[in-house]
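Residue strings, one per chain:
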Amino acid sequence: MRLANILPVEELETLAKVRKLAYEESSIANRDLATYESEGWAVTKRGPRRSKIRRNKTHDQLLEDRIWTVLHKMGFSHMSGDGGARLEQTDGTTDYLNQLDVVAIDEHVCFIVECKSRIESGRRATAQTELALLSQHISDSRQPVQRQFGKKKLGGIYAFSNGILSDEDIARAKNAKILLLDDASIQYYERLVEHTGPAAKYQLLADLFPLQDIPGLSQTVPAVETRIGNQTAYIFAIEPAHLLKIGYVAHRMRGELGTLGAYQRMVTKKRLKDIRAFINEGGVFPTNIVVNFDRENRAKSNVQFNRTKQEENNSDNVRMGWLKLPSKYQSAWIIDGQHRLLAFSGLERANTSTLCVTAFDGLSLDDQANMFIDINSEQKRVSGNLLIELVASLKWNSPDPDERIFAIVSTAIQDLAKRQGSPFYGRIKLNDELETPTRCITLQSIAKELTRGPFFVARRENQKPIEFGPFWRNDTQECLSRTKSLLDGWFGIIEEKAGDVWSLGKEAGGFLATNNGIVASIKVFESVLRHLDLVQTLRLSTDDLVSQIEPYAGAVAEYFKDLSLADVKNLRRKQGVQGQTEVMRIVQTSIKTKFPEFNPDGLEAWIANRADEREGEARDLVADMEKRIQAKVIEILKENFDETADAWWLAIPASVRVPASGLREQDNRRRSEESYLQLIDYRAILDGHWGILGDSFTLPSVGNSKAERTKWIVKLNDIRNKAMHASSGGLTQDEVEWLHEISSELASIGI
């Protein structure tokens, strides 16, 4: 038996150009056009005798080509050619022939990829037969691979698109040591290889062969053994090419499959480019890369240090020797220096340069987490969003309840972001994903708000929890389950009843499913739980609590659903903590109209204060517009009448002029005539001289009839009177918004 159609990667460049496209192209004789067009082809260039045609690849072909392309970019030495590899008999017979979708080989490993795709998203009936067949293909390939390519570690990948595997299939894959790749994982590797180049290969191999010995991967280097704090550490120099093979960066569980136990935090592409240019110009790095060698268990180290003969005056704290490095992918966690290391990916100097390394041996997860967070948060090298993602796995078993709560919250949100049916599915921007108009909510914004409030800890003394909140359960897994159910309950009702407002994300007309909208909604959720009583809600079952919060979540949804585009635009101007708090108060006010007994702390004072602020804002707006209107009217009257003979003043209708003159006489003529005109007087002046004033005072939103063209001054005067006299009942927000609109219209016509 032999493995056929496996070619050196140098012979596959033409195929790579074809497979990376989302469509297929061909050139055909014009007489065959009708046949091809009936099969879904479209003409892209028509010639006199022949035409170029194109059609989108089928969903299954596209998946296979995506997998092949990402592996090709990773730099495997041999890969399957067009049509896939074949297992066939060496005697030329065809009684045993199996097609293998994708095969990739490098100096240490060989693996087979089985690709399965569905047109529409949904759960597969079962993948049991396909997984069993892949296992058989791996077994049948063992001897042919060894005979044709030398001793290799063999593995298998089951890649699937638009599918959800059952728990039983996931367990079967795990038992067979088959790596599962769903859509999110495939997208992750596509992004990773774009950023890091061939180094992405070792992340994939680490996921495919977790903590397995790889023949030929071991290396021994001269090193110094010492103690840093209370930890054993080694200092040595190594070629970047080898450290890339055994190194990895950060931890987190990925998606619902739980098959990828490590997470490569996405690096900055521009920064890598700059560092590569520095390396190619002969640059060197004098500072050490910091790593940790994982231990398979606390008793067994992945490294071996053999001391050499020491000098007589050698320090007891520093020992010379030879360090045997692990022969496993993903055995050295890069705590600091990932950009310096990954910049060597694909460079010739990766095999000839050296990097200085400080390596700890067997740091606990807590120690790794603390060191990583200390280095990266204080030096601001990674986003706060990523640090919160890492907390999910690194602080899960922390004895500190606050750290454990943060891990629960982080895990819950990431799970909901990956679970179909959750309102947060595809809406949370995790660190390894691109932001889109709908995937625009950050993990950091939600996590900080949930851990800030009383959701888990209702009361503290001396900064220690003494009373727990409604999300809390003593068992960590139960607490995680309740947290996800309550978030799904609150936001699921909002999503269902808010309609398109939720689906818009941050697109035009959208606000609810954005960072500010979500944080404001969580703040409202907190006030609802306080209204229901934190102690009582803690005692309720999850289902009972969801039932109690449902009417209030529905009221939140109705408020956002009924907003006009102008209302949404106004909300989007409210940014930061202050803006989020103001949105919370606005929504609470809306809830109170439906549930009068709902009266969160501070709401009544806010409503009263907001009324005062509206009246003050209105007074300022009206006073400003009155000055602008007066200046424009007097300017035009003086231009059209004799300014020096006071003719312009006599041109003002007597019904307005006489009362104003009387007021001026009573005031001993202290001010000019126009100072005694009232706001409403300008309507009479405009009506009396519309011929010379009309062009300058025709507002864009006002009708052409005489009654309509100056009616806005009546409304402006009414609002002025309400603002000046609190006993009149106060102003509404709509009235203040109208003042802003009229002010803008006046400005647009030069007033």
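Just so you know, these numbers come straight off a predicted model, no measurement behind them.

A few words now on helix α5 (residues 167–175). Among the residues of α5, Asp169, Ile170 and Ala173 are the ones counted as buried. Viewed end-on, α5 has its buried residues packed into an arc of 100°, placing them on one side of the element. Exposed residues pointing more than 90 degrees away from the buried face of α5 are listed as Asp167, Lys174 and Asn175. Contact partners of the buried residues in α5: α4 (128–149) and β12 (178–181).

With that settled, consider the sheet that holds strand β16 (residues 289–293). With mixed pairing, the eight strands of this open sheet are ordered in space as β15-β21-β16-β22-β14-β13-β20-β19. Edge positions in the sheet fall to β15 (247–248) and β19 (304–307), since each of these pairs with one other strand and no more. Pairing analysis gives seven bridges linking strand β13 (residues 220–228) to strand β20 (residues 318–324), with the strands arranged antiparallel. Bridge assignment links Glu225 to a residue of β20, and that residue is Arg319.

Counting through the fold element by element, His108 comes out in the loop between β9 (102–105) and β10 (109–123). Taking the C-alpha atoms as reference, His108 lies 9.0 Å from Gly150; in sequence the two are 42 residues apart. Leaving out residues up to four positions away in the same chain, His108 has contacts with Lys152, Lys153, Ile214, Pro215, Gly216, Leu217, Lys245 and Tyr329. Within the local environment of His108, its side chain forms a polar contact with the backbone oxygen of Pro215, the two atoms lying 3.1 Å apart.

Counting residues in each nonpolar core, the largest one holds 69 residues, and the members touching the most others are Leu71, Phe111, Phe236 and Leu323. With near-sequence residues (within four places) excluded, Phe236 lies in contact with Val221, Pro222, Ala223, Phe293, Leu323, Leu325, Leu355, Cys356, Val357 and Ala359. Listed in part, the 66 residues of the second largest apolar core include Leu430, Ala498, Val524 and Val556.

Moving on: the pairing of β12. Covered by surrounding structure in β12 are Ile178 and Leu180 together with Leu179 and Leu181, the residues of both alternating faces. The pairing of strand β11 (residues 153–164) with β12 spans four bridges and is parallel. Of the residues in β12, the one forming a bridge with Ala159 is Leu181. Following the backbone out of β11, through α5 and into the adjacent parallel β12, one traces a crossover that is right-handed.

This paragraph deals with the sheet that holds strand β4 (residues 42–46). The three strands lie next to each other as β3-β5-β4, forming an open sheet whose pairing is antiparallel. The open sheet has two edge strands, β3 (23–29) and β4, and neither has a second partner. Mean inter-strand twist for the sheet, computed between neighbouring axes without regard to direction, equals 30°. Looking at chain direction, β3 and strand β5 (residues 50–56) are connected through seven bridges and run antiparallel. Bridged to Ser27 within β5 is Lys52.

Time to look at the pattern of salt bridges. Using the criterion set out here, one finds 35 salt bridges in the structure. The closest approach of N and O atoms between Glu88 and Arg86, which form a salt bridge, is 3.3 Å. The exposure class assigned to Glu88 is buried, which follows from its relative accessible area of 15%. With a closest N to O distance of 2.7 Å, Glu107 and Lys245 form a salt bridge. Of this pair, Glu107 sits in the loop between β9 and β10 while Lys245 sits in helix α8 (residues 240–246); the two residues are 138 residues apart in sequence, bridging distant segments of the chain. Exposure remark for Lys245: the relative accessible area of 13% places this residue in the buried category.

The next subject is the packing of helix α28 (residues 711–724) against helix α29 (residues 733–748). In a pair of packed helices, the angle between the axes and the distance between the axes together describe the arrangement. In contact at an axis separation of 11 Å, α28 and α29 are set at 135° when each is read in the N-to-C sense. As summarised for this structure, α28 and α29 are arranged oblique, according to the angle between their axes. Both α28 and α29 take part in a crossing whose hand is left-handed. Here Trp712, Lys715, Leu716, Ile719 and Lys722 of α28 come into contact with α29, specifically with Glu735, Trp738, Leu739, Ile742 and Leu746. Along the lines of polarity and charge, the residues of the contact of α28 with α29 split into seven nonpolar, no polar and three charged.

With that settled, consider the environment of Ile67. Following the sequence through the fold, Ile67 ends up in helix α3 (residues 59–74). On the basis of relative accessibility, which here comes to 4%, the residue Ile67 falls in the buried class. When the C-alpha positions of Ile67 and Val102 are compared, they lie 7.8 Å apart, and in sequence the two are 35 residues distant.

With that settled, the discussion passes to helix α6 (residues 183–196). In this model α6 runs 20 Å from its N-terminal to its C-terminal C-alpha over 14 residues, within 8% of the 20 Å that 1.5 Å per residue would give. Taken together, the buried positions of α6 are occupied by Ser185, Ile186, Tyr188, Tyr189, Arg191, Leu192, Val193, His195 and Thr196. Phi turns positive one or two residues past the end of α6, at Gly197, with a value near 70°.

One ladder, built from four bridges, connects strand β25 (residues 457–461) with strand β26 (residues 464–468); its direction is antiparallel. The partner of Val457 across the bridge, within β26, is Phe468. If you look at the hairpin formed by β25 and β26, you'll find two residues sitting between the two strands, and Asn462 has a positive phi there, around 55°.

Let us look at the packing of aromatic side chains. Aromatic ring pairs: the centre-centre distance and the angle between the two ring planes describe each pair. Applying the stated criterion across every chain yields a total of 22 aromatic pairs. With centroids separated by 4.4 Å and ring planes inclined at 5°, the aromatic side chains of Trp490 and Phe525 adopt a geometry described as stacked. With Trp490 in helix α15 (residues 476–498) and Phe525 in helix α17 (residues 515–532), the pair connects residues that are 35 residues apart, well separated along the chain. The buried category is assigned to Trp490, whose relative accessible area is 0%. An aromatic cluster is defined as three or more aromatic residues linked by ring pairs; in this entry it consists of Phe455, Phe456, Phe471, Trp490 and Phe525. The residue whose ring lies beneath Arg54 is Tyr23, and the NZ or CZ to ring-centre distance is 3.8 Å. It is Lys201 that lies over the ring of Phe76; its NZ or CZ is 5.2 Å from the centre.

Conventions and cut-offs
Residues numbered from 1 in each chain as written. Predicted model: local features only at pLDDT ≥ 70, side-chain atom pairs only at ≥ 80, totals over all residues. Heavy atoms only, no water. Buried < 20%, exposed > 50% of the residue type's maximum accessible area, 1.4 Å probe, protein only. Helix = DSSP H or I, 4+ residues; strand = E, 2+ residues; numbered from the N terminus. Arc of directions from axis to C-beta. Contact = heavy atoms within 4.5 Å. Pairing = 2+ DSSP bridges. Polar contact = N/O pair within 3.5 Å; in protein donor to acceptor, adjacent residues only side chain to side chain. Core = buried A, V, L, I, M, F, W, Y, C linked by side-chain atoms within 4.5 Å. Right-handed = clockwise from strand over helix to strand, strands pointing away. Axes fitted to C-alpha atoms, helices over the stretch in contact; angles between N-to-C directions. Salt bridge = Lys/Arg side-chain N within 4 Å of Asp/Glu carboxyl O. Parallel < 35°, antiparallel > 145°, perpendicular 65-115°, else oblique. Left-handed = near helix turned anticlockwise from the far one by under 90°. Nonpolar A, V, L, I, M, F, W, Y, C, P; charged D, E, K, R; others polar. Expected span 1.5 Å × (residues − 1). Phe/Tyr/Trp six-rings, centres within 6.5 Å; stacked < 30°, edge-to-face > 60°. Lys NZ or Arg CZ within 6 Å of the ring centre and 35° of its normal.

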